[in-house]
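The chain contents come next:
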Amino acid sequence: MSSIAENLQTVRDRIRAACEAAGRPPASVRLLAVSKTFGPEAVREAHAAGQTSFGENYIQEAVDKIAALRDLPLEWHCIGPIQSNKTRLVAEHFDWVHSVDRFKIAQRLSDQRPGHLPPLQVCLQVNTDGGPTKSGAQPADVLELARAVACLPRLVLRGLMTIPDPVEGFEAELALHRRATDLFVQVRRELALPKFDTLSMGMTADLEAAIAAGSTLVRVGTAIFGKR
Ligand SMILES: *Cc1c(COP(=O)(O)O)cnc(C)c1O
């Protein structure tokens, strides 16, 4: 079994190779290490190997982990579904949220963001491929949602996030990711927000296709920490 440090290097190499293949500068893609289900010690190991941004799905698990790691200068990203009764915890403990899919949640996050913390950095989760029951805003609703969220005082709208269902083959992945990129470019052009710069897309299995399509942030768990 390889160590977290070795795995991180492998993932960085994959990102660099994918950027080169796409003719993009390697610094144009950020790596978010998804540490859900792994304990604080695994995060410490990744931090010692140079990783500072971590993604979590389960709010209560994350809050405990963030508390246990308060001595380290880490950036925490919420990437999991958010129920209304969990918005306060998210607003109080995270730096970023990728999984905002309706206005009510955004409004609560803004209202509940403590005054001593900087604004919460937010991406809108978009359902670019699934049926109506899958989480994420419908593509047709994203522009209007983005317009409304951009007005909330304690949030900064940074971009879009997608979690496409697995498909077979690079070309199919690429086609799916390109739909998200088209939407991202459209919202960026329409709203012209100064900080709308993040397309959160790509995981362990499909980061190459996501980067080829224009992702600026890949969320990688399994390839860094191992199987969950
Ligand atoms: C778990 C998870 C990831 C990481 O997935 P891996 O396949 O383990 O890399 C990324 N994004 C979200 C939203 C997740 O829930």
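Please refer to the structure placed before this passage.
*Asks:* What is the right way to read helix H3 (residues 59-68) from this model?
*Replies:* Each turn of an α-helix holds 3.6 residues, which means side chains three or four residues apart point in the same direction. Listed as buried for H3 are Ile59, Ala62, Val63, Lys65 and Ile66. End-on, the buried residues of H3 take up no more than an arc of 165°, which puts them together on one face. Buried residues along H3 sit against helix H2 (40-48), strand S2 (53-56), strand S3 (75-78) and helix H4 (87-93).

*Asks:* Would you mind showing me how to read the site of the ligand here?
*Replies:* By nearness alone, every residue bordering the ligand is listed as Val34, Lys36, Asn57, Ile79, Ile163, Met203, Thr204, Arg219, Val220, Gly221, Thr222 and Arg228. At 2.5 Å, a side-chain N or O of Thr204 approaches an oxygen atom of the ligand. In this structure, Arg228 approaches the ligand through a side-chain N or O atom, which is 2.8 Å from an oxygen atom. For the ligand, whose free accessible area comes to 390 Å², the fraction covered by protein is 89%. The site holding the ligand turns out to be the largest pocket. The residue makeup of the shell around the ligand, split by class, is 5 nonpolar, 4 polar and 3 charged.

*Asks:* What is the right way to look at the pattern of salt bridges in this model?
*Replies:* Where charged atoms from two side chains of opposite charge come close, those side chains can pair. Tallying each qualifying case throughout the model produces 11 salt bridges. Here Asp165 makes a salt bridge to Lys134, at a shortest N to O gap of 3.5 Å. With Asp165 in the loop between strand S6 (155-161) and helix H7 (170-191) and Lys134 in the loop between strand S5 (120-125) and helix H6 (139-149), this residue pair connects regions lying 31 residues apart in the sequence. Judged by its relative accessible area of 41%, Asp165 falls in the partly exposed class.

*Asks:* Explain the packing of aromatic side chains here, please?
*Replies:* How two aromatic rings sit relative to each other is set out by the distance from centre to centre and by the angle between their planes. Applying the stated criterion across every chain yields a total of 3 aromatic pairs. Here the aromatic rings of Phe54 and Trp76 are separated by 5.7 Å at their centres, their planes lie at 40°, and the arrangement is tilted. Placement of Phe54 in strand S2 and of Trp76 in strand S3 is noted, with a sequence separation of 22 residues between them. For the pair Phe54 and Trp76, a shared accessibility class is recorded, and that class is buried.

*Asks:* Could you clarify how one ought to interpret the side chain of His77 in this entry?
*Replies:* Locating His77 in the fold gives a position in strand S3. On the basis of relative accessibility, which here comes to 0%, the residue His77 falls in the buried class. At 2.8 Å, the side chain of His77 forms a polar contact with the side chain of His98. Not counting residues up to four positions away in its chain, the partners in contact with His77 are Arg30, Leu32, Ser53, Phe54, Gly55, Glu56, Phe94, Trp96, His98 and Leu217.

*Asks:* In this structure, what is going on with unusual backbone geometry? I would like to understand it.
*Replies:* Its identity is not glycine, yet Thr37 carries a phi of approximately 70°, on the positive side. In this fold, Thr37 is placed in the loop between strand S1 (30-34) and H2. Classification of Thr37 as partly exposed rests on a relative accessible area of 46%.

*Asks:* Whenever I open this one, the nonpolar core confuses me. Can you help?
*Replies:* Nonpolar side chains in soluble globular proteins generally cluster together in the buried interior. Ranked by internal contacts, the top residues of the largest apolar core, which has 64 residues, are Ile15, Leu109, Leu124, Leu160, Ile224 and Phe225. Every residue in contact with Ile15, bar those within four places of it in the chain, is listed here: Val29, Leu31, Leu207, Ile211 and Val218. Grouped together as the second largest cluster of nonpolar side chains are 7 residues, Ile79, Trp96, Cys123 and Met161 included.

*Asks:* Mind showing me how you'd approach the environment of Asp165 here?
*Replies:* Separated by 38 residues in sequence, Asp165 and Asn127 place their C-alpha atoms 9.8 Å apart. Apart from residues lying up to four places away in sequence, Asp165 is in contact with Asp129, Lys134 and Leu176. Separated by 3.5 Å, the side chains of Asp165 and Lys134 make a polar contact.

Reading the values: rules and limits
Residues numbered from 1 in each chain as written. Predicted model: local features only at pLDDT ≥ 70, side-chain atom pairs only at ≥ 80, totals over all residues. Heavy atoms only, no water. Buried < 20%, exposed > 50% of the residue type's maximum accessible area, 1.4 Å probe, protein only. Helix = DSSP H or I, 4+ residues; strand = E, 2+ residues; numbered from the N terminus. Arc of directions from axis to C-beta. Contact = heavy atoms within 4.5 Å. Near = heavy atom within 4 Å. Polar contact = N/O pair within 3.5 Å; in protein donor to acceptor, adjacent residues only side chain to side chain. Areas by Shrake-Rupley, 256 points an atom, 1.4 Å probe, with all protein chains shown as cover. 1 Å grid on protein atoms, 1.4 Å probe; cavity = no way out; pocket = protein on both sides within 12 Å on 5 of 7 lines; lining within 4 Å. Sits in = over half its atoms within 2 Å of the grid points. Nonpolar A, V, L, I, M, F, W, Y, C, P; charged D, E, K, R; others polar. Salt bridge = Lys/Arg side-chain N within 4 Å of Asp/Glu carboxyl O. Phe/Tyr/Trp six-rings, centres within 6.5 Å; stacked < 30°, edge-to-face > 60°. Core = buried A, V, L, I, M, F, W, Y, C linked by side-chain atoms within 4.5 Å.

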